[in-house]
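# Residue-level structure breakdown
The residues making up each chain are set out below.
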Amino acid sequence: MTFPVFQPFLGPEELAACGAALDSKYLGMGSFVGEFEQSLKEMLDLGEGRHVVTFSTGHAAMHLGLLAIGVGPGDEVITPSFNNIADFQAIDATGAKPVLCDVEEISLCIDPAQIGELITEKTKAIVAMDYGATLADHEGVAKVAAEANIPVIHDAAHSFGSSYKGAPVGHQGKLTMFSFDPIKNITCIDGGALVVDEEELVVPLREMRMIGMSQRIETSYKNKRDWGYDVHRLGFRYHLANLHASIGLSQLEKFGEIRQRRRTLYQAYFDRLDGLEDCITQGPLDDEIVPFIMCLRVPSARRESFKAHLLAAGIETGIHWRPGHMFTRYKNHRCGQLAVTNRIANEIVSLPFYPDLTIQNVDFICDEIRSFFKNP
Ligand SMILES: Cc1ncc(COP(=O)(O)O)c(C=O)c1O
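Scoring rules and cut-offs
Residues numbered from 1 in each chain as written. Predicted model: local features only at pLDDT ≥ 70, side-chain atom pairs only at ≥ 80, totals over all residues. Helix = DSSP H or I, 4+ residues; strand = E, 2+ residues; numbered from the N terminus. Rg over C-alpha atoms; globule rule 2.2 N^0.38 Å. Buried ≥ 20, exposed ≤ 12 C-beta atoms within 10 Å, placed from the backbone. Near = placed C-beta within 6 Å. Domains from an automatic or database assignment. Contact = placed C-beta atoms within 7 Å. Nonpolar A, V, L, I, M, F, W, Y, C, P; charged D, E, K, R; others polar. Pairing = 2+ DSSP bridges. Axes fitted to C-alpha atoms, helices over the stretch in contact; angles between N-to-C directions. Parallel < 35°, antiparallel > 145°, perpendicular 65-115°, else oblique. Left-handed = near helix turned anticlockwise from the far one by under 90°.

### A look at the overall build of the chain
Assigned secondary structure in the chain consists of 13 helices and eleven strands. In terms of overall dimensions, the chain is globule-like: its C-alpha atoms have a radius of gyration of 21 Å, near the 21 Å expected for 376 residues. In terms of its C-alpha atoms, the chain occupies a principal-axis envelope of roughly 70 × 55 × 40 Å. By residue count, 46% of the 376 residues in the chain fall in the buried class.

### A short note on the site of the ligand
Of all residues adjacent to the ligand, which total 14 residues, the nearest are Gly-58, His-59, Ala-86, Ala-157 and Ser-179. Where the shell around the ligand is concerned, the elements lending two or more residues are helix H3 (58-68) and helix H4 (85-93).

### Things to note about the domain arrangement of the chain
Where interface size is quoted, it is often the accessible area lost as the parts come together. Entries for the chain in the domain assignment read domain 1 (12-253) and domain 2 (255-374). Computed from C-alpha atoms alone, the centre-to-centre distance between domain 1 and domain 2 is 25 Å. Contacts between the two partners involve 32 residues from domain 1, matched on the other side by 30 residues from domain 2. Those elements that provide at least two residues to the side of domain 1 that touches domain 2 are strand S3 (97-101), helix H5 (112-118), strand S6 (163-164) and helix H9 (242-253). No other element matches the five residues that S3 contributes to the side of domain 1 that touches domain 2. Within the side of domain 1 that touches domain 2, the residues separate by chemical class into 14 nonpolar, twelve polar and six charged.

### Some words on the sheet that holds strand S4 (residues 123-129)
If you trace the seven strands from one edge of the open sheet to the other, you get S1-S9-S8-S5-S4-S2-S3, paired in mixed fashion. A strand with exactly one partner marks an edge of an open sheet, and here the two such strands are strand S1 (51-55) and S3. In this sheet, adjacent strand axes meet at a mean angle of 25 degrees when their direction is disregarded. Note that strand S8 (residues 175-179) and strand S9 (residues 192-196) share five bridges and pair antiparallel. Note on S9: the bridge partner recorded for Leu-175 is Val-196. Sitting on the sheet, helix H7 (residues 202-209) is in contact with S1 and S9, with an inclination near 10 degrees to S1.

### Points about the packing of helix H10 (residues 255-273) against helix H13 (residues 359-374)
At a closest axis distance of 10 Å, the pairing of H10 and H13 adopts a crossing angle of 30 degrees. Compared by their axis directions, H10 and H13 come out roughly parallel. H10 and H13 meet at a crossing whose hand is right-handed. Taking contact as the criterion, the partners of Leu-265, Ala-268, Tyr-269, Arg-272 and Leu-273 in H10 are, on H13, Ile-359, Val-362, Cys-366 and Ile-369. Of the residues assigned to the contact of H10 with H13, the class counts are eight nonpolar, no polar and one charged.

### Re the environment of Ile-119
Tracing the chain through its elements places Ile-119 in the loop between H5 and S4. The exposure class of Ile-119 is partly exposed, given the 17 C-beta atoms found within 10 Å. The spacing of Ile-119 and Val-99 is 20 residues in sequence and 9.2 Å in space, taken between C-alpha atoms. Discounting residues that sit within four places of it in the chain, Ile-119 has contacts with Ala-148 and Ile-150.

This is how it looks when you write it as structure tokens:
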């Protein structure tokens, strides 16, 4: 038996949903996308003040979110160096430059104490990303951002379904980005969304995702084409399609089960690994979290042999991530003192973590981990 790092949680419901979307004979952006946006709005309890727009990927959502708030050439956006390439590229695509910040030791999320040092008159946004099984210190980030009057974009690719201090993730920054790629807490195969706190941003975002066409959702969300559109602005082909949204809808219906399975598995890993010498987890599971990655930190000198030991037992592992400043394209970017990032970069390992994993599987994986550390 082999264990991949990730696996989507799919069943006959997704197949049935795809069948219904295909039967509609309208494969582009239509009624399923409209329904998915409405379901997200309800699930995230957004009320009237916040709005959802979906996209083809999380990266597309981040790119257009940055453009919508006016980020462009000559600007800077502060983001943790310990982040997914998608965010660096989204910033890059606007013509702005990512400025790389350190993370906090346990949460592995952006360090609010360092953000202030990196802010200049060029700073146009701060990206605060949640990582694995923890959330960023959003209050700390909001405080620094408010003092400098800079908007915060919450990268919640890892935290769909979690809450922060009682409010669902999606209520924190000016914009919140979700990813529904194949391995996320819910998947649309590929998909993304933005929650925005200003109604005025909604139409520009809808137009930009549709190569600038001013098609009205009143028509397209009925699976009808609108021939009277104009083009007012730059746009991209970044919309979500009906087929993908149909999968997202069926994933939302079983999100209660996804939440419970992910939480149980994280707790099982934590109970078995907590206190094991040379292994650092992200700590006990907070009640508000739906964990996405089960990450461990192991001594950097032994990481490769640790990975090889697990692989020999059929257990795949991942590295999330190699930090941005270690890539050729971003190595000369302005950055803070990246002491924690540099240390954890060679320690971090992701273990198999997906809802179909069983407690017996976790037992097996943790036994292999323990057997590795028994032999120094
Ligand atoms: C933190 C983070 N941000 C952004 C993205 C990009 O999302 P997508 O893959 O949907 O483009 C990812 C994807 O893994 C991610 O982990």
